[in-house]
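So the chains spell out like this:
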Amino acid sequence: MPRMKGWFSVDKEGLARVLGRRDKTFAVMELIQNAWDAEDVSLVEVTIKPESPGKTLLIVEDNSPEGFADLSHAYTLFKESPKKADPLKRGRFDVGEKLVLAICDSARICTTKGTLIFDKTGRRKTPHKKDSGSCITCVLRMTKEEMEQAIAWTQKLLPPPGILTRINGVALETRTPLATFPVRLQTEKSNQAGFLRRVERNTEVRLYEASPGEAVMLYEMGIPIVETGDQWHYDVAQKIPLTLDREGVAPSFLRDLRLAVFNHMHE
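Residues numbered from 1 in each chain as written. Predicted model: local features only at pLDDT ≥ 70, side-chain atom pairs only at ≥ 80, totals over all residues. Heavy atoms only, no water.

### Points about the pairing of strand β2 (residues 55–62)
For the record, the criterion: Between any two strands, pairing holds if DSSP finds at least two bridges. Here a helix means four or more residues in a row that DSSP labels H or I, a strand means two or more in a row labelled E, and each is numbered from the N terminus.
In this sheet, β2 lies alongside strand β1 (residues 43–52) in antiparallel orientation, the contact comprising eight bridges. Residue pairing across strands places serine 52 opposite lysine 55, the latter belonging to β2. In this antiparallel pair of consecutive strands, β1 and β2, the connection spans two residues, and glycine 54 shows a positive phi of 80°. Across eight bridges, β2 lies against strand β6 (residues 134–141) in antiparallel orientation. From the neighbouring strand, glutamate 61 faces β6, where its bridge partner is cysteine 135.

The structure is reproduced here in structure tokens:
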């Protein structure tokens, strides 16, 4: 009997149906956060526009000198990620790009290591390379209404200092924190065996005033996570312990964060 390679296969369409319950803005957030996490990046360009009825073109390009460290990370679920050991990087499971690809009709990843093309025939690699940076081009199954919602959601982002981020050619606003203070909070970091563990670590929290009518959010390094209903936006400058789908945070974490904010801002 021939030996089969690997234990698992993933049905792309099945995964896409599972993701159908999620707001498709996650695809835009995943690619932007990956660009922000790239080494020595200073510019991220995002294009979101209609492609055809029910389809949206999404392009995310960065100027990181190194580009993708390993192209296989683009298509291998849960591959060991260097981000797991770094609390100052947003990724942890190495699953984001794969979830985005699941809801694409086609995609192209061009970086310093080569180019990957995903289409109806499958996946193939070409030798074409960029001199620096990475560019991900996706045709997403996203309606015009979903596209407009995704564009509106990008306006909630808090771009990191030193990274100019443009959405359809318009730079995201850089906000000035109302207050910035140190605090010790739980984060996630992999141990020597590669398993994620929750540990406490000194970090920084930035408070931002909410604009009129704006939902008040908890942020992880500039990425909105959940609404809090509190007075200010909280931006935590390290990984926040989250659920796998990044849609939930432990009540104990939010309690500790609120206590730290109260102790600093009680006057």
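Alright, that's what it looks like, and here's the rest.
### Some words on empty space enclosed by the protein
The line we're drawing: As defined here, a cavity is a set of points on a 1 Å grid over the protein atoms alone where a 1.4 Å probe fits but cannot get out. A pocket is an open set with protein on both sides within 12 Å along at least five of seven lines, and residues line them when an atom is within 4 Å of a point. Grid points are joined across faces, edges and corners, and a volume is the space filled by probe spheres set on the points. By the convention adopted, Pro, Cys, Tyr, Trp, Phe, Met, Ile, Leu, Val and Ala count as nonpolar, Lys, Arg, Asp and Glu as charged, and the other residues, Gly among them, as polar.
Tallied over the full model, the rule gives one cavity of 30 Å³ or more. Along the walls of the largest cavity sit Leu31, Glu97, Val100, Leu101, Ile109, Ile136 and Cys138, which together make up its complete lining. Contributions of two or more residues to the lining of the largest cavity are made by α3 (96–102) and β6. In terms of residue count, α3 provides more of the lining of the largest cavity than any other element does, three residues in total. Classifying every residue of the lining of the largest cavity by side-chain character gives six nonpolar, no polar and one charged.

### Section: the sheet that holds β1
Our working rule: For this analysis, residues touch if any pair of their heavy atoms sits within 4.5 Å. Here an axis means a line fitted to C-alpha atoms, over the contact stretch when the element is a helix, while the angle between two N-to-C directions is reported on a 0 to 180 degree scale.
If you walk across this open sheet you meet the eight strands as β5-β4-β3-β6-β2-β1-β7-β8, and the pairing is mixed. If you trace the sheet from one side to the other, it starts and ends with β5 (122–126) and β8 (170–171), each paired once. By the bridge criterion, two bridges tie strand β7 (residues 164–167) to β8 in an arrangement that is antiparallel. Along β8, the bridge assignment pairs arginine 166 with alanine 171. Most of the contacts of helix α4 (residues 144–154) go to β1, to which it runs at about 165°, and overall it touches β1, β2, β6 and β7.

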